[in-house]
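Chain and residue survey
Given next are the chains, with one letter for each unit.
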Amino acid sequence: MSKQIAYRFFSKASRPMYVGNLKGDGGADWGYVTDIEKAIVLNHNQWQSFAKDMREVGSAAFALVQ
């Protein structure tokens, strides 16, 4: 099963913002980091949840698959 490093852009000119904290893990929403080395790896279910949340707010979700 593949694992993903998930990220999104907040605007067309912004850098990618990688998921650094899971939704509900120390906060109410996803936490983001700019350093890919600090990004967390999401399993399939976590990725699906992230992608769903991004669709709900009109944003695109991206992943680097490992």
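Look up: the structure comes first, before these words.
Residues numbered from 1 in each chain as written. Predicted model: local features only at pLDDT ≥ 70, side-chain atom pairs only at ≥ 80, totals over all residues. Heavy atoms only, no water.

In this section: the pattern of salt bridges. Think of it this way: side chains of opposite charge can pair up when their charged atoms draw near. For the structure on display, the rule yields two salt bridges. One salt bridge in this structure joins Asp53 and Lys23, with 3.1 Å as the shortest N-O distance. With Asp53 in helix α1 (residues 44-56) and Lys23 in the loop between β2 (17-21) and β3 (31-33), this pair connects stretches of sequence that are 30 residues apart. Of the residues examined, Lys23 reaches a relative accessible area of 42% and is grouped as partly exposed. Ionic pairing is found between Glu56 and Lys52, a salt bridge with its closest N-O pair at 2.8 Å. Here Lys52 and Glu56 lie together in helix α1, a separation of four residues that amounts to about one turn. (Salt bridge = Lys/Arg side-chain N within 4 Å of Asp/Glu carboxyl O. Helix = DSSP H or I, 4+ residues; strand = E, 2+ residues; numbered from the N terminus. Buried < 20%, exposed > 50% of the residue type's maximum accessible area, 1.4 Å probe, protein only.)

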